[in-house]
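So the chains spell out like this:
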Amino acid sequence: MTHPVLDSRRAAVVTGAASGIGLAACLRFASLGMPVCLIDLSDAALKRVQDQVAAKAPNGGKDVLCIAADVSNAAEMAAAAATVHDQFGPVGVLMNNAVTRTGGGVWADPADWHKALEVNFWGVLNGVNAFAPPMIERSEPAMIVNCGSKQGITNPPGNVAYNVTKSALKTYTEALQHELRNTDGCRVSAHLLVPGWTTTGDRAPAAGAWSADQVVDHMISALRRDDFYIVCPDNEVTPEMDRTRILWAAGDITENRPPLSRWHPDYRDAFAAFKLE
Ligand SMILES: NC(=O)c1ccc[n+]([C@@H]2O[C@H](COP(=O)([O-])OP(=O)(O)OC[C@H]3O[C@@H](n4cnc5c(N)ncnc54)[C@H](O)[C@@H]3O)[C@@H](O)[C@H]2O)c1
């Protein structure tokens with residue numbers, strides 16, 4: 001069935017587009033006939049992938065725009081939005097995907113905490129603030145996809161700063177969707193993409209990980225159904241395992257367990273025995 005956005009030939013904008021899931025999404029949007037704007041930090045990184053995306057686009061290079069911008073810089077994102085609008089007209093899809101893994105544990109350098117929040121959280125806010133107002137004003141269907149993480153839902157020990165950015169992003173995206181659906185005349189929807197373990201960048205494919213293409217397949221099918229939560233499994237973690245882990249994490253509050261009890265030795269057996277109702 002024809003989708004009012006994905007098959008609309010309106011532009012798709014993707015941040016963090018020079019690598020991984022962002023690049024796979026650009027290739028897919030171009031294959032669907034959408035003009036694509038790739039945003040990433042450096043011209044050099046964008047140049048390396050520009051031709052690949054153009055090869056999938058119906059009008060080749062004319063349908064591909066590369067903008068070097070830092071998502072954490074609101075002025076650069078506003079300038080990018082103006083350029084995209086001038087060149088491609090109204091935007092159909094905004095995918096806030098750029099990420100930094102800079103961060104660390106509770107006692108990590110505060111500068112690293114700031115960096116993590118500036119890119120992974122403020123970068124998304126800047127993207128939405130720059131691109132969403134004209135999308136809303138046009139009263140045409142359009143979509144905003146923000147890239148979260150299971151780490152922002154179940155909070156595993158390790159890169160706490162990253163987890164915090166992704167849980168903030170989840171809260172923000174849920175509220176954004178609520179706001180959009182309660183705005184008169186607005187036909188923009190927000191979506192939270194939650195990839196599982198995915199081989200990206202220069203890393204060799206891992207047996208347990210999905211490819212970026214698999215994530216994008218899953219995302220496109222879910223967007224065609226208008227799903228808000230788009231949680232991807234991988235080759236090690238099934239949808240049932242994800243549901244079990246998410247419910248267990250929520251149960252820390254409702255069952256008055258200690259936080260992160262999944263990793264607490266006193267709760268190891270209880271978690272292992274925990275089953276979905
Ligand atoms: N790969 C995984 O296993 C995985 C798992 C869960 C969630 N995710 C999420 O999926 C999304 C994509 O992840 P990926 O692994 O494909 O990423 P990646 O590391 O392959 O690519 C990230 C891109 O973002 C760009 N970037 C970094 N900082 C930027 C900035 N300030 N401004 C503009 N661009 C910037 C980088 O240059 C890079 O091209 C991220 O939001 C990530 O948190 C990934």
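In this text the structure is predicted, and so the values were computed from the model without any measurement. (Residues numbered from 1 in each chain as written. Predicted model: local features only at pLDDT ≥ 70, side-chain atom pairs only at ≥ 80, totals over all residues. Heavy atoms only, no water.)

**Student:** Lay out the overall build of the chain with the relevant residues and their values.
**Tutor:** Looking only at helices and strands, one finds 9 helices and 9 strands in the chain. Rg of the C-alpha trace for the chain: 19 Å, near the compact-globule value of 19 Å for 277 residues, within the 12% margin. Over its C-alpha atoms, taken along the principal directions, the chain stretches across nearly 60 × 40 × 35 Å. Looking at the chain as a whole, 51% of its 277 residues qualify as buried. Here the analysis covers contacts within the chain between residues at least 6 apart in sequence; of these, 68% occur between residues at least 24 apart. (Helix = DSSP H or I, 4+ residues; strand = E, 2+ residues; numbered from the N terminus. Rg over C-alpha atoms; globule rule 2.2 N^0.38 Å. Buried < 20%, exposed > 50% of the residue type's maximum accessible area, 1.4 Å probe, protein only. Contact = heavy atoms within 4.5 Å.)

**Student:** Could you give an account of the pattern of salt bridges, naming the residues involved and the relevant values?
**Tutor:** According to the stated counting rule, one finds 9 salt bridges in the structure shown. The closest approach of N and O atoms between aspartate 213 and arginine 28, which form a salt bridge, is 3.9 Å. Remark: arginine 28 occurs in helix α1 (residues 20-31) and aspartate 213 occurs in helix α7 (residues 212-224); sequence separation between them is 185 residues. Residue arginine 28 is classed as partly exposed on the basis of its relative accessible area, which comes to 21%. Residues aspartate 217 and arginine 28 are paired through a salt bridge, measuring 2.5 Å at the closest nitrogen-oxygen approach. Pair noted here: aspartate 217 is in helix α7 and arginine 28 is in helix α1, with a separation of 189 residues, a long-range link. Given a relative accessible area of 39%, aspartate 217 falls into the partly exposed group. Beyond isolated ion pairs, a larger network of salt bridges with shared partners links Arg10, Arg138 and Glu140. (Salt bridge = Lys/Arg side-chain N within 4 Å of Asp/Glu carboxyl O.)

**Student:** Go over unusual backbone geometry, please, and point to the residues and values.
**Tutor:** Not every positive phi belongs to a glycine, and serine 139 is a case in point at roughly 55°. With respect to the helices, strands and loops of the structure, serine 139 is situated in the loop between α4 (110-137) and β5 (142-147).

**Student:** Could you give me a rundown of the state of the cysteines, with the residues and numbers involved?
**Tutor:** One way to say it: the disulfide is the covalent bond shared by the sulfur atoms of two cysteines. For the structure on display, the rule yields 0 disulfides. Not engaged in a disulfide, the cysteine cysteine 232 finds its nearest cysteine sulfur in cysteine 147; these two sulfurs lie 8.5 Å apart. Owing to a relative accessible area of 0%, cysteine 232 belongs among the buried residues under this scheme. (Disulfide = S-S within 2.5 Å.)

**Student:** Talk me through the packing of aromatic side chains; I want residue IDs and the actual numbers.
**Tutor:** Using the criterion set out here, one finds 5 aromatic pairs in the structure. Linked through ring pairs, Phe121, Trp122 and Tyr172 together constitute an aromatic cluster. The positively charged end of arginine 257 is found above the aromatic ring belonging to tryptophan 248, 3.5 Å away from the centroid. (Phe/Tyr/Trp six-rings, centres within 6.5 Å; stacked < 30°, edge-to-face > 60°. Lys NZ or Arg CZ within 6 Å of the ring centre and 35° of its normal.)

**Student:** Can you lay out the domain arrangement of the chain for me, pointing to particular residues and giving the numbers?
**Tutor:** Each assigned domain of the chain is listed with its residue range as follows: domain 1 (11-237) and domain 2 (238-277). The gap between the C-alpha centroids of domain 1 and domain 2 is 29 Å. Listed per partner, the contact involves 11 residues of domain 1 and 10 residues of domain 2. Of the roughly 840 Å² buried between domain 1 and domain 2 on both sides combined, carbon and sulfur atoms contribute 73%. Together, Thr154, Pro157 and Val237 form the three largest contributors to the area buried by domain 1 at its contact with domain 2, with a combined 54%. Linking aspartate 242 and lysine 150 is a salt bridge whose minimum nitrogen-to-oxygen distance equals 2.9 Å. Between the two partners, domain 1 and domain 2, sit 1 residue pair in polar contact (both at pLDDT 80 or more). Its residues assigned to classes, the side of domain 1 that touches domain 2 comprises 7 nonpolar, 2 polar and 2 charged. (Domains from an automatic or database assignment. Buried area = accessible area lost by both parts, 1.4 Å probe. Polar contact = N/O pair within 3.5 Å; in protein donor to acceptor, adjacent residues only side chain to side chain. Nonpolar A, V, L, I, M, F, W, Y, C, P; charged D, E, K, R; others polar.)

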